[in-house]
Amino acid sequence: MMQMRNTSYMEHKCLGFIESKPCYQHLFYLDKEDSYEDMKQKASLAYLLRQSTVPRGGRHMPLHERLSLAKALAKAALQFQGTTWLHQIIWRSSSIWFFGLQEDQDVVSLKNPYVDAEMKCSVEPESALTDMDTQERIKNRFLFCLAVILIEIAFEAPLDVLKQSPDNSQCRNETASDWSIAAKLSAIVGAKMGMTYQEAVVDFLYCFSSPVTDLSKSDLQMTFYSNVVRKLERLEYDLRKA
Amino acid sequence: MPDILQEFEGQRDVENHRFTAKLKFDFSQTALLEKIGAMHQLNENLRTLLAQVDRNALAAETSCSKASSQPPLLLKRTIKDIAVIRNLSQNLYDITRRSYSEHESHLAYLNLQPHVTDTEGQQIFFQIYFKRPESQSKNSVNKSTLFSVHSSFQDGRESRGLILRGLQSSPKAKRSSEYCDNLKNLSQFRTSTDPTSLSLKGGERRDLMPRTTQNSQILEVPTRSVEFSPPDIGRLQNLCLLS
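Structural notes, computed from the coordinates. The written sequence of each chain sets the order in which its residues are numbered from 1. Lettering of chains starts at A and numbering of ligands starts at 1, both following the order in which they are written. Residues qualify for local features only when their pLDDT is at least 70, as the model is predicted, and side-chain atom pairs are given and counted only at 80 or more; totals for whole chains, interfaces and linings, by contrast, use all residues. Heavy atoms throughout the structure, all of them, feed into the side-chain values; hydrogens and water do not.

**Thoughts on the overall build of chain B**
When helices and strands are counted, chain B shows five helices and seven strands. For chain B, the N- to C-terminal ordering of α and β elements is α-α-β-β-β-β-α-α-β-β-β-α. Burial classes: relative accessible area under 20% of the type maximum marks a residue as buried, over 50% as exposed, and values in between as partly exposed (1.4 Å probe, protein chains only). Of all 243 residues assigned to chain B, the portion counted as buried reaches 38%. In chain B, once contacts between residues fewer than 6 apart in sequence are set aside, the share between residues at least 24 apart is 56%. The helix and strand labels rest on DSSP assignments: H or I over at least four residues marks a helix, E over at least two residues marks a strand, and numbering proceeds from the N terminus. What makes two residues a contact is simply this: any of their non-hydrogen atoms within 4.5 Å.

So this is what it looks like as structure tokens:
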């Protein structure tokens, strides 16, 4: 769709580059006019999740689409962690966007996720998490946010909706902290998406049970890749094969 | 007497017929046995091959299911490639933020699935959508811009990407005016079927664009440097002019 691949980028208008440096070069291409139509029809993941909770008229997110999205987000988390694209926000499902969505489609395609980032002349300090309990208990905020997104994808509902859901009576508590809800749901997420998925969520919540919590360390990155990304890839492969 | 003779002749014919039939059966039996033997052999071969295929499939399954079974070197390489994406994306953020200098802030959407375009993992495609905040774009006709960015990274090794050779040509060549002049000069050339190169009238070829993954072998071959480069849009001071 909008994805410009190496086979077609030469069709786009080349604008040039900015700030030529010995190590880096960024060559800018202006996309075609028809891509702009797709950009107008955008929706955040939070919005889509909220829509899917509507009993009638809600749009369905197929299991393979959700699994594929979870894998894509886990991989992207590893690729963009520590950068301003993701680091300046507490990234949640409301920060993840999809373009070119059709209103009349019953099934939502979750391919090509985008993340939004505000580009300001002055960089502001990062905002903190709202509740103290969560702040105190999480080992890595970035991974905790990813775990929450994966839980939301699995249950097809935003966390605030899950807090109030009668289906999750054991977790139902509007005053409960994000951490406690996430921890409780992580124990039952396997019933929705399989044990591999559950293990990934638990790994993110408890930072791989590792004493190292800094994701900039290559050891933790390797654990992340082999324990989560590869396993989710395998799960996605198995699901497609089935 | 003639009756006895006829009877004898008749019996002989029957005997001959039986003998012929038996002979035919014997020959066909041999052929059949040969065919059955061949089928047995083929069956054996099939059984052996199936067992091997199963073993290989099982080995592949096991290697896939064991996430940690990826060779450590390959895993390190993957992590290194991921680091390249991280560094390039941060660099891209920094330069675009500096380039959008006219307005206080812009909203950017980055595609979370960057595309690696070379086997070395040094050239990445990002797709970014820039949007001026609604509050700042009320009187603007073009409120948004969609860019595809081909980012390349060089870590001290010899550059294999034509894009780098092209862009690292003489500083003079980076001037936008010279780029325009070069564009004018293109009219002298006959366009070839290969969109990444131009053919001179004398049959000499000049590469213009970076080769893609599919053409990665071509990258290994020393090629003539490009005599011109795309314009340095940094000289436009800011990207706000485009949105």
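**Some remarks on the layout of surface pockets**
In this structure, the largest pocket encloses a volume near 750 Å³. At the level of elements, helix 3 (63-80), strand 4 (96-99) and helix 11 (218-241) of chain A together with helix 2 (72-99) of chain B are the ones that each hand at least two residues to the lining of the largest pocket. Looking at the lining of the largest pocket, the element that brings in the most residues is helix 3 of chain A, giving nine residues. Within the lining of the largest pocket, the residues separate by chemical class into 17 nonpolar, 11 polar and eight charged. Here a cavity means grid points, on a 1 Å grid over the protein atoms only, where a 1.4 Å probe fits yet cannot get out; a pocket means an open set of points with protein on both sides within 12 Å along at least five of seven lines; lining residues are those with an atom within 4 Å of a point. Grid points are joined across faces, edges and corners, and a volume is the space filled by probe spheres set on the points. Charged means Asp, Glu, Lys or Arg here, nonpolar means Ala, Val, Leu, Ile, Met, Phe, Trp, Tyr, Cys or Pro, and polar covers whatever is left, Gly included.

**As for empty space enclosed by the protein**
All names here are of chain A. Enumeration over the complete set of coordinates arrives at two cavities of 30 Å³ or more. When its volume is computed, the second largest cavity comes out at roughly 40 Å³. Considering the residues around the second largest cavity, the lining is formed by His 64, Leu 67, Ser 68, Glu 236, Leu 239 and Arg 240. For the lining of the second largest cavity, the secondary structure elements donating two or more residues are helix 3 and helix 11. Its residues assigned to classes, the lining of the second largest cavity shows two nonpolar, two polar and two charged.

**Re the pattern of salt bridges**
Residues and elements named next belong to chain A. Here, a salt bridge means any Lys or Arg side-chain nitrogen found within 4 Å of an Asp or Glu carboxyl oxygen. Per the stated rule, a full pass over the model turns up 12 salt bridges over all chains. We note a salt bridge from Arg 50 to Asp 160, for which the minimum N-O separation is 3.4 Å. Residue Arg 50 is found in helix 2 (residues 45-52), and its partner Asp 160 is found in helix 7 (residues 159-164); the two are separated by 110 residues along the sequence. Note on Asp 160: relative accessible area 37%, which makes it partly exposed. Here Arg 66 and Glu 156 are joined by a salt bridge, their closest N and O atoms 3.6 Å apart.

**Regarding the nonpolar core**
Counting 90 residues, the largest nonpolar core has Phe 80, Trp 85, Trp 91, Tyr 197, Phe 204 and Phe 224 of chain A together with Phe 126 of chain B as the members making the most contacts within it. Of the residues forming this core, the biggest block, 13 residues, is contributed by helix 6 (residues 141-155) of chain A. Residues Met 39 and Trp 97 of chain A together with Tyr 129 and Leu 146 of chain B belong to the second largest nonpolar core, which totals seven residues. Here, nonpolar core means buried Ala, Val, Leu, Ile, Met, Phe, Trp, Tyr and Cys residues that are tied together by side-chain atoms lying within 4.5 Å of each other.

**Here we look at the pairing of strand 4 of chain A**
Two faces make up the sheet, and in a regular strand the side chains alternate between them. All names here are of chain A. Side-chain alternation along strand 4 places Ile 96 and Phe 98 on one buried face and Trp 97 and Phe 99 on a second face that is also buried. Here a strand pair is declared whenever DSSP counts at least two bridges between the two strands. Pairing geometry for strand 3 (residues 42-44) and strand 4, over three bridges, is antiparallel. The residue of strand 4 that forms the bridge with Lys 42 is Phe 99. In the sheet, strand 4 pairs with strand 5 (residues 114-120) via two bridges, with the strands oriented antiparallel.

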